[in-house]
Amino acid sequence: MTPLTIICSSDNAEQYQLAQWLSETLGCPISATSELPEINFAVLIAENDISIADCRGKKAIRTSVDFTVGSKAHRRKYGGGKGQAIAKAVGLNKQAGISVLDATAGMGGDAFVLATLGCYVTMVERSPIVRVLLQDGLRRASEFAATEDAELQEILSRMTLVEDDSLEVLQSSIEPPQVVYLDPMFPERKKSAEVKKEMQIFHALVGDDSDADQLLEPALKLASHRVVVKRPKIAPYLNNREPGYQLVGKANRFDIYPLKAFSEKV
């Protein structure tokens, strides 16, 4: 595993317990110093937020989950609505209020877009580090929305995070979602302007989803209406299984595996 340090500068007992849990789960040291390590990564647990710092370069790069500002907030207010590709991929051009199981939630970006568009999204994220960041982002967004943004509060009410492994959830006896959404980590081809700093960090920390092919068959058995797989444009089909159809963009594509037609028109 990539060298990692847990830094907890908070006096909050709950946050320190979280730091200890991460330290034990990941087998990495915990420190109370505010100084960043020089050659590795750090999970920074502070009073106000939790973030990851990439300390490999001359200047540390920090990233966290924030649904209230930046690109996520901008897309919520000014995005393409039900005409955008992800909306068509899950079937929002045919039915409203679709239930989606996002089995590879990551930082929650796509789940947030789907919830913004009216979907009810259950998120699963296997990486303890990423899941902690996502939990913290949801917590801070909920606190902000409670007093500042009723619309955001409604969106967050449609997002649920499950603390479990994706494959185990897909093979469990949960109520079948209408759509299972998969966006497994794909091997990083090169470090370029096209690869976001955030993704570079997670490739280094989390690695590739080497068992991603194993997710497709249980997803097809669980979903009631369709499975949607988001892939880089050049990537092979998941589990070498050709989809029913595709929506192709500049860099990514959505492979759609239809199981049952949506009946309600919108």
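See above for the structure.
Residues numbered from 1 in each chain as written. Predicted model: local features only at pLDDT ≥ 70, side-chain atom pairs only at ≥ 80, totals over all residues. Heavy atoms only, no water.

**Q** Looking at this model, I keep getting lost on the side chain of Asp110. Mind explaining?
**A** With respect to the element layout, Asp110 can be found in helix α4 (residues 109-116). The contacts of Asp110, once residues within four sequence positions are left out, are Ile86, Tyr181, Asp183 and Lys230. (Helix = DSSP H or I, 4+ residues; strand = E, 2+ residues; numbered from the N terminus. Contact = heavy atoms within 4.5 Å.)

**Q** Looking at this model, I keep getting lost on the nonpolar core. Mind explaining?
**A** For soluble globular proteins, the rule of thumb is that nonpolar side chains tend to be buried together. Ranked by size, the top nonpolar core spans 53 residues in total, and within it Leu4, Val43, Met123 and Met159 carry the most contacts. Among the elements that line this core, the one with the most residues is helix α5 (residues 128-148), at eight residues. If sequence neighbours within four positions are ignored, Leu4 has contacts with Leu26, Cys28, Pro29, Asn40, Phe41, Ala42, Val43, Ile129 and Leu205. Leu101, Val124, Ala219 and Leu220 belong to the second largest nonpolar core, which has 19 residues in total. (Core = buried A, V, L, I, M, F, W, Y, C linked by side-chain atoms within 4.5 Å. Buried < 20%, exposed > 50% of the residue type's maximum accessible area, 1.4 Å probe, protein only.)

**Q** How do you make sense of the sheet that holds strand β6 (residues 99-102) when you look at a structure like this?
**A** The pairing of strands in a sheet comes from backbone hydrogen bonds and takes either a parallel or an antiparallel form. One open sheet accounts for seven strands, arranged β8-β7-β6-β9-β10-β12-β11; its pairing is mixed. Edge strands, defined here as strands with exactly one partner in the open sheet, are β8 (159-162) and β11 (245-248). When strand polarity is set aside, the average angle formed by the axes of neighbouring strands in this sheet is 20°. Across three bridges, the pairing between β6 and strand β9 (residues 179-182) is parallel. For Val100, the partnering residue across the bridge sits in β9 and is Val179. (Pairing = 2+ DSSP bridges. Axes fitted to C-alpha atoms, helices over the stretch in contact; angles between N-to-C directions.)

**Q** Explain the sheet that holds strand β3 (residues 41-45) here, please?
**A** An order of β2-β1-β3-β4-β5 is seen for the five strands of this open sheet, with the pairing classed as mixed. The sheet is open, and its two edges are formed by β2 (30-31) and β5 (61-63), each paired on a single side. The strands touched by helix α1 (residues 13-26) within the sheet are β1 (4-8), β2, β3 and β4 (50-54), with β1 carrying the most contacts at an inclination of about 170°. Sheet strands in contact with α5 are β1, β3 and β4, and its direction is about 135° off that of β4.

**Q** I'm lost on the pattern of salt bridges in this one. Help?
**A** Inspection of every chain in the model, using the stated rule, returns 10 salt bridges. With its nearest N and O atoms 3.2 Å apart, the salt bridge here joins Arg126 to Asp211. Here the residue Arg126 occupies a position in the loop between β7 (120-124) and α5, and Asp211 occupies one in the loop between α8 (197-206) and α9 (216-222), the gap between them amounting to 85 residues. Its relative accessible area of 28% is what places Arg126 among the partly exposed residues. Salt bridges sharing partners connect three or more residues here, namely Asp66, Asp136, Arg139, Arg140 and Glu143. (Salt bridge = Lys/Arg side-chain N within 4 Å of Asp/Glu carboxyl O.)

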